[in-house]
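What the coordinates show
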Amino acid sequence: MGEAIVTATVFVPRDAAALSLGAEDVAQAIVDEAKTRKIDVTVVRNGTRGMVWLEPLVEVAVSNGRAGYGPVSVNDVRSLFDADFLKGGKHPLGLGPVEEIPYFKKQERLTFARVGLTHPVSLEDYIAHDGYQGLMRAIGLTPADIIKEVTDSGLRGRGGAAFPTGIKWKTVADAPADQKYVTCNADEGDSGTFADRMLMEGDPFCLIEGMTIAALAVGATEGYIYLRCEYPHAHRALNTAIEAAYKEGYLGENIRGSGKKFNLAVRLGAGAYICGEETSMLESLEGKRGEIRPRPPLPAIKGLFGQPTIVNNVMSLASVPIILQKGGEFYKNFGVGRSRGTLTIQLAGNVKRGGLIEQAFGVTLREILYDYGGGTASGRPIRAVQVGGPLGAYLPESQFDTPLDYEAFSNINALLGHGGIVVFDDTVDMAQMARYALEFCALESCGKCTPCRIGSTRGVEVMDRVISGQNREFHLTLIEELCDTMFNGSLCGLGGLTPYPVQSALRHFPEDFAK
Ligand SMILES: Cc1cc2nc3c(=O)[nH]c(=O)nc-3n(C[C@H](O)[C@H](O)[C@H](O)COP(=O)(O)O)c2cc1C
Ligand code: SF4
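Secondary structure summary: the protein chain contains 21 helices and 16 strands in total. Relative to the compact-globule value of 24 Å for 515 residues, the protein chain shows a C-alpha radius of gyration of 24 Å, a close match. Accessible area for the protein chain stands at about 20200 Å²; split by element, carbon and sulfur atoms hold 51% of it. The distance from the centre of the 51 positive side-chain charges to the centre of the 61 negative ones in the protein chain is 2 Å.

Turning our attention to the packing of helix α17 (residues 430–444) against helix α21 (residues 499–508). Close contact between α17 and α21 brings their axes to 8 Å; oriented N to C, the two are set at 165°. Between α17 and α21, the angle is such that the two are roughly antiparallel. As for the relative orientation of α17 and α21, their crossing is left-handed in sense. The segment α17 lies against α21, with Met430, Ala434, Ala437 and Leu438 engaging Pro501, Val502 and Ala505.

What follows is about the nonpolar core. Core analysis: the largest hydrophobic core is formed by 64 residues, its most contacted members being Trp169, Leu207 and Ile225. With 11 residues, the single largest contributor to this core is helix α10 (residues 204–218). Setting aside chain neighbours within four positions, we find Trp169 in contact with Ile146, Ile147, Val150, Ala214, Ala217, Val218, Ile310, Asn312, Leu317 and Val320.

Our next topic: the side chain of Asp425. Tracing the sequence through the fold places Asp425 in strand β16 (residues 420–425). As a buried residue without a salt bridge, Asp425 has its nearest oppositely charged side chain in Arg380, at a separation of 4.2 Å. Among the polar contacts listed, one links the side chain of Asp425 to the side chain of Ser378, at a separation of 2.7 Å. Within polar-contact distance, the side chain of Asp425 engages the side chain of Thr427 at 2.5 Å. Excluding its chain neighbours within four sequence positions, the residues that come into contact with Asp425 are Asn350, Thr376, Ser378, Arg380, Pro381, Ile382 and Arg383.

Take the sheet that holds β16 next. The 5 strands lie next to each other as β13-β12-β16-β14-β15, forming an open sheet whose pairing is mixed. Only two strands of the sheet have a single partner each, and these edge strands are β13 (355–360) and β15 (394–396). Direction aside, neighbouring strands of the sheet carry axes that sit 30° apart on average. The sheet contact formed by strand β14 (residues 382–387) and β15 spans 3 bridges and is antiparallel.

What follows concerns the site of ligand 2. Taken together, the neighbourhood of ligand 2 is formed by 13 residues, with Ile292, Cys446, Cys449, Cys452 and Cys492 sitting nearest. Across the shell around ligand 2, the residue classes tally to 8 nonpolar, 4 polar and 1 charged.

Rules and cut-offs
- Residues numbered from 1 in each chain as written.
- Chains lettered and ligands numbered in written order.
- Predicted model: local features only at pLDDT ≥ 70, side-chain atom pairs only at ≥ 80, totals over all residues.
- Heavy atoms only, no water.
- Helix = DSSP H or I, 4+ residues; strand = E, 2+ residues; numbered from the N terminus.
- Rg over C-alpha atoms; globule rule 2.2 N^0.38 Å.
- Areas by Shrake-Rupley, 256 points an atom, 1.4 Å probe, with all protein chains shown as cover.
- Lys, Arg positive; Asp, Glu negative; His and termini not counted.
- Charge placed at Lys NZ, Arg CZ, Asp CG, Glu CD.
- Axes fitted to C-alpha atoms, helices over the stretch in contact; angles between N-to-C directions.
- Parallel < 35°, antiparallel > 145°, perpendicular 65-115°, else oblique.
- Left-handed = near helix turned anticlockwise from the far one by under 90°.
- Contact = heavy atoms within 4.5 Å.
- Core = buried A, V, L, I, M, F, W, Y, C linked by side-chain atoms within 4.5 Å.
- Buried < 20%, exposed > 50% of the residue type's maximum accessible area, 1.4 Å probe, protein only.
- Salt bridge = Lys/Arg side-chain N within 4 Å of Asp/Glu carboxyl O.
- Polar contact = N/O pair within 3.5 Å; in protein donor to acceptor, adjacent residues only side chain to side chain.
- Pairing = 2+ DSSP bridges.
- Near = heavy atom within 4 Å.
- Nonpolar A, V, L, I, M, F, W, Y, C, P; charged D, E, K, R; others polar.

Written out as structure tokens, the structure is:
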């Protein structure tokens, strides 16, 4: 006795959501308990599977995959060892094979295929799980053929505007210049969104590979990831992964002997919603105050430091490796209409089972809210959901059968944006939510144009009069006129889209404005 009796691999996520729920202490408790029992255990700190309500979700490698236990607290660790969890033993927190959990099994994971499965910053593990196959194929293609694959895939920007990625890349490729850039918009400012963070923390090489392919496609040699400073774990993971990629020649002066060069670095934003808008982001990257640049010229023609620049969201760029690996046609086979591929849906707010769901476009809001989400956390009926961040419309129950598809959402005056869904139960006061949309705009406005800078502040004042019942009909008309002015007269989407939450609240929940 006294010898190690078992060698086991246990996975405890290092994702920020899991850490906030105690994953660090759980990992340490497992190490300590194993030591006390003289059991040889390797604890791998993986990314999250995205089932946030099960975090900390501890997984154990067993003969047929991975057995899950969750949510685990430090107090559960001893009983897990007693139940022989290292061999997949029965325990009240046992979830069975992780990939058989219905919430996970129903998904179509393309962009998130590795997240939660691999060691996030192990290049070896990345390569063992199909990593860098897309880049290696891209190295053998002409830039035009790389762009053709991306165009054929039907990929549209996941940051909000849903602009076709292939067309954007072609514009940069065709712009003559000595220096071009690839920039990644990792500001992820929308309320209820976390897909970018989870990907960067759980599979940072995927983003790095996507950016490298983009660089080869357009002839860029420099790249920056513009990361919000509130993501310290993503920052560390990206920097570690970038260092490893340099060391093994996947970044730098001569990428895997191809003669192509691409240098990549992370830059931190200081925390302003408007710095997620692409031209503001470029200003901020140049070290200036984050303010909108009038367009034209487009960043693709005159972007960072006045040079042709790709600006793409994390999800757009992280979708590129699998498109290059498996071909544009493969990716295009997922989805509906002009919304091709998969959407990474982030389910948050008052919901029983919040988390990350990757599914082909076309799944309905109702399926997401009830089949995945299980209704509200409070147990009360869902009254409204806001889709697409703080500038997205509020949708009532009668619109829950809308498929997640850019055009279907546009037809109901709503937007999918970055795929964030925030759930509210029947205690929500929609007049206050409408007021908050205007207040948010006032707080975050860059101040460059009048409809947004002045309109949002006046809007809050007028909404207060509506809410307090002062000359309500008059003030409601004023709000409608103000929304019209902001929609048509604002220089960018912050002022231009604030009418969406305001008018949808007024249209679908008029009773809340007449109390
Ligand atoms: C107010 C505002 C905030 C935005 N915030 C973000 C953001 O946090 N992340 C992002 O990727 N795009 C954001 N966008 C969209 C970007 O301007 C741009 O469309 C996007 O980064 C382009 O990348 P894509 O084509 O891959 O979506 C925002 C737009 C507006 C108007
Ligand atoms: S709409 Fe608002 S955020 Fe956008 S440019 Fe005008 S003032 Fe700035």
